[in-house]
Amino acid sequence: MKMKMTHLEEALDEKETRETQYAEKLITKDTRCTIEEYDRYSGNLKEETTMAADNLLGMDRTELENFLKKSQTMYYQYSLVAFSPEHVVIRQSRTEYETYYLVDENGVVQVYKGDRKTLYEPTQIQTKDLPEDLQEEIQNGKYVESQEELYSFLENYSS
């Protein structure tokens, strides 16, 4: 009988140990969470560390990875860099930008989205009225990195 009790006690101890180990691998209110914002175009990496958000509390590694996969958008991807009950590191990578191309069509500058197929905004800007180096860039398809840069161009060269 004593032998059976020992096996039962060992099994209970093992179960408690597994449950404790599992509980120790969850995000709690004391878990620090670092969000790394990675910009693949500039190569910049910004970090911000706070306490874990309420919606992450109680998650284990697998649950957090699944949550991050479901949170992906056209513009952002999320990946788990590190996971421990003390500190979680999540990388947010910007994957797509609202980029543009300035293209010469029949002597007039047209603005296309970054896919070079979708007309974003027709203009009345005559290519011949632009500085020579800019004319050449536009004839080759001038890349414009942001909406801010686009509107700066349009402001400067629209009549």
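Residues numbered from 1 in each chain as written. Predicted model: local features only at pLDDT ≥ 70, side-chain atom pairs only at ≥ 80, totals over all residues. Heavy atoms only, no water.

One open sheet accounts for four strands, arranged β7-β6-β5-β8; its pairing is antiparallel. Sheet topology places β7 (119-126) and β8 (142-144) at the edges, where each strand pairs with a single neighbour. Put simply, the sheet's adjacent strands are angled 25° from each other on average, direction ignored. With four bridges connecting them, strand β6 (residues 108-113) and β7 associate as antiparallel partners. Looking at β7, one finds that Tyr112 is bridged to Leu119. (Pairing = 2+ DSSP bridges. Helix = DSSP H or I, 4+ residues; strand = E, 2+ residues; numbered from the N terminus. Axes fitted to C-alpha atoms, helices over the stretch in contact; angles between N-to-C directions.)

In this section: the nonpolar core. Buried together is how nonpolar side chains tend to be arranged in soluble globular proteins. Within the largest apolar cluster, 12 residues are counted, these being Tyr100, Leu102, Val109, Val111, Ile125, Leu130, Leu134, Ile138, Val144, Leu150, Phe153 and Leu154. Elements with a minimum of two residues in this core: β5 (100-105), β6, α3 (132-139) and α4 (147-157). The biggest single contributor to this core is α4, with three residues. If sequence neighbours within four positions are ignored, Leu150 has contacts with Tyr100, Leu102, Val111, Tyr120 and Val144. (Core = buried A, V, L, I, M, F, W, Y, C linked by side-chain atoms within 4.5 Å. Buried < 20%, exposed > 50% of the residue type's maximum accessible area, 1.4 Å probe, protein only. Contact = heavy atoms within 4.5 Å.)

A few words now on the packing of aromatic side chains. Under the criterion given, the structure shown has three aromatic pairs. With a centroid separation of 4.8 Å and 55° between ring planes, the pair formed by Tyr100 and Tyr120 is classed as tilted. Taken together, the residues span a long stretch of sequence, with Tyr100 in strand β5 and Tyr120 in strand β7 at a distance of 20 residues. Given the relative accessible area of 0%, Tyr100 is considered buried. Residues Phe153 and Tyr157 carry aromatic rings whose centres are separated by 5.0 Å and whose planes lie at 40° to one another, so their mutual orientation is tilted. (Phe/Tyr/Trp six-rings, centres within 6.5 Å; stacked < 30°, edge-to-face > 60°.)

Turning next to α3. Buried residues of α3: Leu134, Gln135 and Ile138, and no others. In a view along the axis of α3, the buried residues occupy a sector of 105°, so they form one face of it. Structural note: α3 exposes Glu132, Asp133, Glu136 and Gln139 on the side pointing more than 90 degrees away from its buried face. In this structure, the buried residues of α3 make contact with β5, β6, β8 and α4. Positive backbone phi, at 90°, marks Gly141, one or two positions downstream of α3. (Arc of directions from axis to C-beta.)

For the rest of this paragraph, the subject is α4. Along α4, the residues that are buried comprise Leu150, Phe153 and Leu154. Seen end-on, α4 carries its buried residues on one side only, within an arc spanning 95°. Exposed residues pointing more than 90 degrees away from the buried face of α4 are listed as Glu148, Glu155 and Asn156. In this structure, the buried residues of α4 make contact with β5, β6, β7, α3 and β8.

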